[in-house]
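Breakdown of the fold
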Amino acid sequence: MGEARNFITQPPDFPRKTLAFSLRFALNCAGRNESKPGRENAHENTGRARRVPRAEALRSGRSRGHAKIAAETLLRARWVVPVEPAGAVLHEHAVAVRDGRIEAVLPAAEAIAAYPGRETVDLPGHALIPGLVNAHTHAAMALMRGLSDDLPLMRWLQEHVWPAEQKHVSPDFVRDGTLLACAEMLRGGVTCFNDMYFFPEASLEAATAVGMRSAQGIIAIEFPSAYASDAADYLAKGLAIRDRWRDNPLSSFCLAPHAPYTVSDDSFRRIAALAAELDLPVHVHLHETADEVERSVAEHGVRPLERLRRLGLVGPGLIAVHAVHLEPAEIELLGRHGASVAHCPSSNLKLASGFSPVEAMRKAGVNIALGTDGAASNNRLDMFQEMRTAALLAKAVARDAEALPAHAALRAATLGGARALGIDAAVGSIVPGKWADLAAVDMRSPELQPCYDPVSHLVYAAGRENVTHVWVAGRLLLEERELRSEALGALHSRELLWQNALKSHADD
Ligand SMILES: [Zn+2]
């Protein structure tokens, strides 16, 4: 798709036999493929996921606390939920990983025969899912979690967030805040996040050091900050960062004009030209509050979406964040253009922004992605909670219990996000050739028993505390709920320093 998709490469030529992609469909997990009690089964009597052979892993030089890239691994799970094809749940399957990519998905018994001696991670009561894609966040704002709550958007921004940012935001702030956000997101099964914040290079450095995938926002806003002086300066700095990091396999970029109320027509025109020239998505807060829409009508004579349409920004690369206040014609417009919406239900609830018509958008052909927004307005970077809230809210808003069913919510949290970012050829589902960005969710705890349908549990019953393992590009970053990245060491002491600094600011 062009330069913006710079980490998408052609899948390696796997040996033909390993491309045997066996899909065994099952509509519920109480089906015939279930393990039988008492039967000889590799998954029996295991309290935790097992990695075998352990001795080989130790010989390879890996030590605890050091994330590793396993050149060849077999992940054997009770369920594999590939997301593509839609609705598929594969029982007792294995995912073969090679050189960071998914090599094959096949029944566990066939995998053992096809890959004898390969290092295997047993996930006996787990669902293996694509890593979750957080389609909208301000990662560094993890340092502002709980700094100010219970306010509407504009008061929250003008009286608390923007003054604190003006005083404290720096590359160090962004690096430490993003590291903290990465730790939280990895522990919740998130493998990729779409960031919009100042000093994006610091965010990129942090995510890359951790081993997480990120889409970095080339942010544009009219007011000056410690990062840049005006919209042109923001864009120039962001584009230079993109040039410096274009070969990084873990990052992609979006143009990220903050919002219609903070970006001028001239800047939007320049962004539209850059988006077309560089094939970059445009990530923008849009129709978040009724106030935003009213102000646009007063100042520009049209609603924000119509203003963006006239400026050439409505197309398949648009990622409209929030999209709460929409008329039927606007929903139809977004659908007709194949645009994406980053739906952030918790943020919309907390800031009393309103209720996004997500099911109507889905039916109109809008690509639905899910985001947490920043930790200061949520206050969790928890995609399990967003899936559940999105699925529940969609039903109430549409007055239809069939709205945003569980499989659609999981798709929004994975492939929908990847598609919004233009990276769905590389991640977002468990398909041979894609990067092995994966999460394992342990379904054996009492609150998840019995299990008739793992996807129902993933959306309605499970939480991020059930995530045990996370891989990004085949690299194990979370193992048995423990973070494996050395980049996250010493984080706690730095968090405390920032807490003291921001607390003293809040007390001023
Ligand atoms: Zn936001």
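Residues numbered from 1 in each chain as written. Predicted model: local features only at pLDDT ≥ 70, side-chain atom pairs only at ≥ 80, totals over all residues. Heavy atoms only, no water.

Looking now at helix α6 (residues 231-244). End to end, α6 covers 20 Å across 14 residues, agreeing with the expected 20 Å (1.5 Å per residue, within 8%). A231, Y234, L235, G238, L239, I241 and R242 are the residues of α6 that are buried. Considered in projection along α6, the buried side chains sweep an arc of 155° and stay on one side of the axis. Looking at α6, the residues exposed on the side facing more than 90 degrees away from the buried face are A232 and R244. (Helix = DSSP H or I, 4+ residues; strand = E, 2+ residues; numbered from the N terminus. Expected span 1.5 Å × (residues − 1). Buried < 20%, exposed > 50% of the residue type's maximum accessible area, 1.4 Å probe, protein only. Arc of directions from axis to C-beta.)

Here we take up the side chain of T289. With respect to the secondary-structure elements, T289 resides in the loop between β11 (282-286) and α8 (290-300). Leave out the neighbours within four places in its chain, and T289 touches L153, H325 and S353. (Contact = heavy atoms within 4.5 Å.)

Attention shifts here to the packing of helix α13 (residues 383-398) against helix α14 (residues 406-420). Interaxial distance between α13 and α14 falls to 9 Å at its minimum, and their mutual angle equals 135°. For the element pair α13 / α14, the angle class is oblique. Regarding α13 and α14, the two cross each other, and that crossing is right-handed. In this structure, α13 contributes M383, M387 and A391 to the contact, and α14 contributes A409, L410 and A413. Class assignment for the residues of the contact of α13 with α14 results in six nonpolar, no polar and no charged. (Axes fitted to C-alpha atoms, helices over the stretch in contact; angles between N-to-C directions. Parallel < 35°, antiparallel > 145°, perpendicular 65-115°, else oblique. Left-handed = near helix turned anticlockwise from the far one by under 90°. Nonpolar A, V, L, I, M, F, W, Y, C, P; charged D, E, K, R; others polar.)

Turning to α14, a few remarks are in order. When the terminal C-alpha atoms of α14 are compared, their 20 Å separation across 15 residues agrees well with the 21 Å that a helix rising 1.5 Å per residue should span. The largest bend in α14 comes to about 45°, at A412. Counting buried positions along α14 yields twelve of 15 residues, so the element is predominantly enclosed. For α14, the full list of buried residues reads A406, A408, A409, L410, A412, A413, T414, L415, G416, G417, A418 and A420. Of the residues one or two after α14, G422 is the one with positive phi, at around 75°. (Bend = angle between axes of the 7 residues up to and from the residue.)

Each pair of donors in an ideal four-coordinate tetrahedral metal site encloses 109.5 degrees, whereas pairs in an ideal six-coordinate octahedral site enclose 90 or 180 degrees. Taken together, H136 (NE2), H138 (NE2), H285 (NE2) and D373 (OD) make up the full set of protein donors to the zinc ion, lying 2.1 to 2.3 Å away. For the zinc ion, the four donor atoms are set out with angles of 87 to 168° between them, so the coordination reads as irregular. Sequence spacing of the donor residues for the zinc ion, all on one chain, is H-x1-H-x146-H-x87-D. A residue pair is termed long-range when its members are at least 10 positions apart, and H285 in strand β11 and D373 in the loop between β14 (367-370) and α13 qualify at 88 residues. In this structure, H285 and D373 share a single accessibility class: buried. (Donors = N, O, S within 2.8 Å, 3.2 Å for Na, K, Ca; no water. Tetrahedral: all angles 85-135°; square planar, octahedral: opposite > 155°, others 65-115°.)

With that settled, the discussion passes to the confidence of the model for the protein. Residues of the protein with pLDDT of at least 70 account for 85%, and the chain-wide mean is 87. Note on residues 1-47: pLDDT under 50 across the span, and 109 contacts to partners over four residues away in sequence or across chains. Low pLDDT, under 50, characterises residues 50-67; the stretch is placed with 35 contacts to residues that sit more than four places away or in other chains. (pLDDT = per-residue confidence, 0-100.)

The next point concerns a nonpolar patch on the surface. Residues L349, F355 and V397 make up a contiguous nonpolar surface patch of roughly 260 Å² in combined accessible area. By relative accessible area, which is 51% here, F355 ends up exposed. (Patch = residues over 30% accessible without salt bridge, like charges linked within 9 Å, V, L, I, M, F, W, Y side chains within 5 Å. Areas by Shrake-Rupley, 256 points an atom, 1.4 Å probe, with all protein chains shown as cover. Salt bridge = Lys/Arg side-chain N within 4 Å of Asp/Glu carboxyl O.)

Along the chain, the position of L381 falls in the loop between β14 and α13. Classification of L381 as buried rests on a relative accessible area of 1%. When neighbours within four sequence positions are excluded, L381 is seen to be in contact with T137, R145, A181, E184, M185, T372, D373, G374, A375 and R464.

Viewed as axis vectors pointing N to C, α14 and helix α15 (residues 454-461) meet at an angle of 70°, and their least axial separation amounts to 9 Å. Comparing their axes, α15 and α14 come out roughly perpendicular. Crossing of α14 against α15: the hand is left-handed. On the side of α14, the interface is formed by A406, H407, A409 and L410, while α15 contributes V455, S456, L458, V459 and Y460. Its residues assigned to classes, the contact of α14 with α15 shows seven nonpolar, two polar and no charged.

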